[in-house]
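Now for the letters of each chain:
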Amino acid sequence: MIDAHAMLGDETYLRLDAADLLRRMDAAGVDLAVARPMGAGMIVDHRAGNDLVLKAGPRIRGLASVNPWWGAKALDELARCRDLGAVGLFLDPARQGFFPTEPVATPVFERAAEYGWPVLMKTGAYIYADILALAEVARAFPRTTFIAGFGGYADMWFELPMAIRSAPNLLLDASMIWGAGIREIVDRHGPERVLFGSAEPRNRYKVVLKTIDRLELDEAARRAILHDNAARVFKIEGGRP
Amino acid sequence: MKILDFHAHLDDRWLHKPIPDASHMIAAMDRFGVGQTCVYTMMGFYADTPRNNDLLLERCRRYPDRLIPFVTVDPKEGPAAVDELERCLEFPEFRGIKFHPWLQAFASSMLEETMTAILKVAARTDTPVLLHDGTPPYSTTFQVADLARWVPGAKVFLGHAGSADYVDPAARLIRDIPNLYGCYCGSRPGDLAHLVETAGADKITFGSDFDPGSWELLAERLDNTIEAGLSPEDLEAVLWRNAERILRPSGS
Ligand SMILES: [Zn+2]
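Below or above, wherever it landed, is the structure these notes cover. Owing to the predicted nature of the structure, the values given are computational and were not obtained by experimental measurement.

Points about the overall build of chain B
Along its length, chain B carries 10 helices and 10 strands. In summary, chain B has a C-alpha radius of gyration of 16 Å against a globular reference of 18 Å for 252 residues, a match within 12%. Taken over the C-alpha atoms alone, chain B extends approximately 45 × 40 × 35 Å along its principal axes. Considering only contacts within chain B whose residues lie at least 6 apart along the sequence, 77% involve residues at least 24 apart. Carbon and sulfur atoms make up 53% of the accessible area of chain B, which totals about 9400 Å². Each charge class in chain B was averaged separately, 25 positive and 37 negative side chains, and the resulting centres sit 2 Å apart.

Here it is as structure tokens:
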């Protein structure tokens, strides 16, 4: 199994380091986790945050994060992260303070496209994190894969199906959304549009895996969500399905 | 362990989508060991509030030991809303009051006089008032928390304990305002641990937000509770003890 969305660092009341994440992965039978920084390491101190996820060992792959307002410095940091083996870009527009559609963010998306990276973006709170803003960007960069982090949880859940419908390169991170919301995307748009994610340490492997179990998916769909989609999107090998 | 679910919905439809009858809710409760569930309307938030209060009461009377109805009123109606509240509280079955300012289209600050009168009735009758929170611009966690300050004798609940994006403010507000409580609905284990650690287990109650057509939601929300790593005493407090203490005494 590959976890497509774990978080390392320290943010408000959430805290997780690589050793603890590995323990949780082992307990849940998760082979690989894709992690992104949280807190200061994601919002302002990129070098520290990115190092945390990029140097966490072979079973944890990192998503680089930069605040687009840093301009050229942000692009330099992305280059550094690519050399360290980053498998994609993570953005949290609400906490980093930008609209996904405003020009300041464009060079960062262009750089992700150049590197062939998928972009995981946290969606949820209305203003900067509107899932429909992410859909706009996904349509503007049709060759880049975008992932709706947290699936618009909580109160933009009703926009999720149309957003997914509007952009074939937009996928759902199932780490925070309820089972019925996941089922709707699988039924309407296919299991290849959904990624298993844990949102550890906010959510728990056990909770998400039980939610997916209750969907009673056929073996191919289950395998796609728990492993194959992440292996394809992040271009990573390993992780028994 | 005994379980009392403080937040669920019972109605025959939500917008165009039909909802199965209460027997499906009872079946889900039986399956997951939930003894009693507090239920609120869905369509009564949009229109015909008094009629929907009557319908909810009627549905709950089929299962008097299992379902506890909460009344809602439309505060945009002014004094008529207070009268409707008094009418419904004549029925001992109604043991709580629910508002959904987002769906009911009001900011409490626009209706200060009516909301204050409603909260005073709640205080007088020892009836908890639960409001949806976590959603701008009518139901932010800060907006709901302020109501508790207006009438300190009323017990006010954040209906989602901060929901997705206001968990930390919710925890601090519940800690700091004596008559403010949190019903977590959808909070994840990491969120719940923070709420209990900051605000104390005695002010937090379990809610599922499920309806008779969505038993999975009840299962998911119980999983969130179990995985939060609470002590046995705290778990008991959030799963039923607090709710039982705070609900309007039955028969009053
Ligand atoms: Zn609800």
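Regarding the layout of surface pockets
Each pocket or cavity is described by its volume, and for the largest pocket that value is around 1400 Å³. Together, 43 residues line the largest pocket, and Trp157, Phe158 and Trp178 of chain A together with Trp14 and Lys17 of chain B are the ones closest to its centre. Of all elements in the fold, only α9 (160-166) and α10 (179-189) of chain A together with β1 (4-9), α4 (101-104) and α9 (215-226) of chain B reach the threshold of two or more residues within the lining of the largest pocket. The biggest single contributor to the lining of the largest pocket is α10 of chain A, with 6 residues. Considering only residue class, the lining of the largest pocket consists of 20 nonpolar, 12 polar and 11 charged. By volume, the second largest pocket amounts to about 590 Å³. Lining the second largest pocket are 30 residues; nearest its centre among them are Arg95 and Lys122 of chain A together with Ala164, Asp165 and Tyr166 of chain B. Sorting the residues of the lining of the second largest pocket by element identifies β1 (2-11), β3 (32-39), α5 (93-96) and α7 (126-129) of chain A together with α7 (167-176) of chain B as the ones contributing at least two each. A per-element tally of the lining of the second largest pocket places α7 of chain A first, with 4 residues.

Re the pattern of salt bridges
Within this structure, the stated rule accounts for 34 salt bridges over all chains. The salt bridge involving Asp51 of chain A is made with Arg80 of chain A; its shortest N-O contact spans 3.1 Å. In this pair, Asp51 of chain A sits in helix α3 (residues 46-54) while Arg80 of chain A sits in helix α4 (residues 72-83), placing the two residues 29 residues apart along the sequence. Across the pair Asp11 of chain B and Arg59 of chain B runs a salt bridge, and its minimum N-O distance is 3.6 Å. Of this pair, Asp11 of chain B sits in the loop between β1 and β2 (13-14) while Arg59 of chain B is found in helix α2 (residues 49-61), placing the two residues 48 residues apart along the sequence. Asp11 of chain B sits in the buried class, given a relative accessible area of 2%. Each of Asp20, Arg23, Arg24 and Glu200 of chain A takes part in salt bridges that share partners, so that together they form one network.

Describing the packing of helix α3 (residues 79-89) of chain B against helix α5 (residues 112-125) of chain B
Residues and elements named next belong to chain B. In contact at an axis separation of 9 Å, α3 and α5 are set at 20° when each is read in the N-to-C sense. In this view, α3 runs roughly parallel relative to α5, as classed from their interaxial angle. Viewed along their axes, α3 and α5 form a crossing whose handedness is right-handed. Across the interface between the two elements, Ala81, Val82, Leu85, Glu86 and Leu89 of α3 pack against Thr114, Ala117, Ile118, Val121, Arg124 and Thr125 of α5. Class assignment of the residues belonging to the contact of α3 with α5 gives a composition of 7 nonpolar, 2 polar and 2 charged.

Overview of the packing of aromatic side chains
This model, assessed by the stated rule, comprises 18 aromatic pairs over all chains. Each ring, one from Phe196 of chain A and one from Tyr205 of chain A, has its centre 6.3 Å from the other, and the planes form 45°; the classification is tilted. Of the two residues examined, Phe196 of chain A and Tyr205 of chain A, each falls in the buried class. Connected via pairs of aromatic rings, a cluster forms that spans Tyr153, Trp157, Phe158 and Trp178 of chain A together with Trp14 and Trp102 of chain B.

With respect to the sheet that holds strand β4 (residues 36-40) of chain B
All names here are of chain B. Ordered in space as β1-β4-β5-β6-β7-β8-β9-β10, the 8 strands form an open sheet in which the pairing is parallel. One side of each edge strand has no neighbouring strand; the edge strands of this open sheet are β1 and β10 (204-206). Taking the axes of each pair of neighbouring strands and ignoring which way they run, one obtains an average angle of 30° across the sheet. As judged from the 2 bridges shared by strand β5 (residues 67-71) and strand β6 (residues 96-99), these two strands associate in the parallel manner. Within β6, the residue paired with Phe70 across the bridge is Gly96. Strand contacts of helix α1 (residues 22-32): β1, β4 and β5, with the helix running at about 125° to β5, the strand carrying the most contacts.

Quick notes on the nonpolar core
Core analysis: the largest hydrophobic core is formed by 156 residues, its most contacted members being Leu170 and Phe196 of chain A together with Phe6 and Leu67 of chain B. In terms of residue count, helix α10 (residues 232-246) of chain B provides more of this core than any other element does, 7 residues in total. Look past the residues within four positions of Leu67 of chain B in its chain and what remains in contact with it is Leu10, Ala22, Met25, Ile26, Met29, Thr37, Val39 and Cys60 of chain B. Formed by 17 residues, the second largest nonpolar core is a distinct cluster that contains Met42, Leu195, Val233 and Ile236 of chain A.

About the criteria used
- Residues numbered from 1 in each chain as written.
- Chains lettered and ligands numbered in written order.
- Predicted model: local features only at pLDDT ≥ 70, side-chain atom pairs only at ≥ 80, totals over all residues.
- Heavy atoms only, no water.
- Helix = DSSP H or I, 4+ residues; strand = E, 2+ residues; numbered from the N terminus.
- Rg over C-alpha atoms; globule rule 2.2 N^0.38 Å.
- Contact = heavy atoms within 4.5 Å.
- Areas by Shrake-Rupley, 256 points an atom, 1.4 Å probe, with all protein chains shown as cover.
- Lys, Arg positive; Asp, Glu negative; His and termini not counted.
- Charge placed at Lys NZ, Arg CZ, Asp CG, Glu CD.
- 1 Å grid on protein atoms, 1.4 Å probe; cavity = no way out; pocket = protein on both sides within 12 Å on 5 of 7 lines; lining within 4 Å.
- Points joined across faces, edges and corners; volume = space filled by probe spheres on them.
- Nonpolar A, V, L, I, M, F, W, Y, C, P; charged D, E, K, R; others polar.
- Salt bridge = Lys/Arg side-chain N within 4 Å of Asp/Glu carboxyl O.
- Buried < 20%, exposed > 50% of the residue type's maximum accessible area, 1.4 Å probe, protein only.
- Axes fitted to C-alpha atoms, helices over the stretch in contact; angles between N-to-C directions.
- Parallel < 35°, antiparallel > 145°, perpendicular 65-115°, else oblique.
- Left-handed = near helix turned anticlockwise from the far one by under 90°.
- Phe/Tyr/Trp six-rings, centres within 6.5 Å; stacked < 30°, edge-to-face > 60°.
- Pairing = 2+ DSSP bridges.
- Core = buried A, V, L, I, M, F, W, Y, C linked by side-chain atoms within 4.5 Å.

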